[in-house]
Amino acid sequence: MATHGRRKLHRDHAAIRQQILNIDYFLKENYSLETSRYLHDYCRNVSGLASLPKLQTHLATGGMVLRRLFRACRTMEARATLLRELSPYYSNIRGVRQGMRSLEQVPEFHAKMIVHGMGDPKFVLVSPKRKRSSADLAEQTCTATEASAQARSGAALKVAKQLGEVRDRVVASGEKATLARIAEQANADGLRTTRGSLWRADTVSRALKRLEEAVEQAEASQNDA
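Basis of the calculations
- Residues numbered from 1 in each chain as written.
- Predicted model: local features only at pLDDT ≥ 70, side-chain atom pairs only at ≥ 80, totals over all residues.
- Heavy atoms only, no water.
- Helix = DSSP H or I, 4+ residues; strand = E, 2+ residues; numbered from the N terminus.
- Buried < 20%, exposed > 50% of the residue type's maximum accessible area, 1.4 Å probe, protein only.
- Contact = heavy atoms within 4.5 Å.
- Areas by Shrake-Rupley, 256 points an atom, 1.4 Å probe, with all protein chains shown as cover.
- Core = buried A, V, L, I, M, F, W, Y, C linked by side-chain atoms within 4.5 Å.
- Axes fitted to C-alpha atoms, helices over the stretch in contact; angles between N-to-C directions.
- Parallel < 35°, antiparallel > 145°, perpendicular 65-115°, else oblique.

### Observations regarding the overall build of the protein
In terms of helices and strands, the protein carries seven helices and zero strands. Put simply, the protein runs from its N terminus to its C terminus through helices and strands in the order α-α-α-α-α-α-α. Counting over 225 residues, the protein shows a buried share of 31%. Partitioning the intrachain contacts of the protein with sequence separation of at least 6 by distance along the chain shows that 60% fall at a separation of at least 24. Of the accessible surface of the protein, which amounts to about 15,000 Å², a share of 51% is contributed by carbon and sulfur atoms.

So this is what it looks like as structure tokens:
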């Protein structure tokens, strides 16, 4: 049951992620179930079972309930009412926190704790951090490296195209477009390398070569098509 966050919830919602992890762990340990279908009810102030219509229907059809239900009861009277109205369904209610397969096993002092709203509302049966295999980590590193390389390549090509425009302007002005002259004009225009440095003849040469290779690849792709 959700008492905060959005009304439209899902398994990965931050407000219920740890709750789902706890339930998954409980089901696997006690029933050898790997997956389950989840329903949720949303209420900020529970006064009784009528406040939770989805839960009421679910219990009436024999469904299993594993979440704590009393956190949103703001008064002891509401908790006592809800506990009394749930009594016909005790065999269908499991205590995830207590590790009990049925609420019928709840001792009297536990019932009093429920009614009085005692206990830490947060608990962790299984850590949200999953230990990943070396193969998964290697794959993740490889993917990140490839993505980083593609990003750098894209940025370098963008700058190379800008440098090509500088060269074209120098040529259009009637000057000789030497590498040193292109570097001078690019620096004067405020254009910088991908590392934020001033242009030199050698960096201009590499950038224009990159641009030329990109143009050749694009033309080859068009011809193949």
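Having seen it, we continue.
### Things to note about the nonpolar core
Core analysis: the largest hydrophobic core is formed by 14 residues, its most contacted members being Val46, Leu49, Leu59, Phe70, Cys73, Leu82 and Leu86. Among the secondary structure elements, those contributing two or more residues to this core are helix H2 (53-60) and helix H3 (76-86). The element that contributes the greatest number of residues to this core is H3, accounting for four residues.

### Focus: the packing of helix H6 (residues 179-188) against helix H7 (residues 201-224)
Packing of H6 against H7 brings their axes to within 8 Å, and their N-to-C directions diverge by 95°. Taken together, the axes of H6 and H7 are roughly perpendicular relative to one another. Contact residues: Leu179, Ala180, Ile182 and Ala183 in H6; Ala201, Val204, Ser205 and Leu208 in H7.

### A few points about the environment of tryptophan 199
Along the chain, tryptophan 199 turns up in the loop between H6 and H7. If we ignore the near neighbours within four places in the chain, the residues touching tryptophan 199 are Val159, Leu163, Ala183, Ala186, Asn187, Leu191, Arg192, Thr193, Val204 and Ala207.

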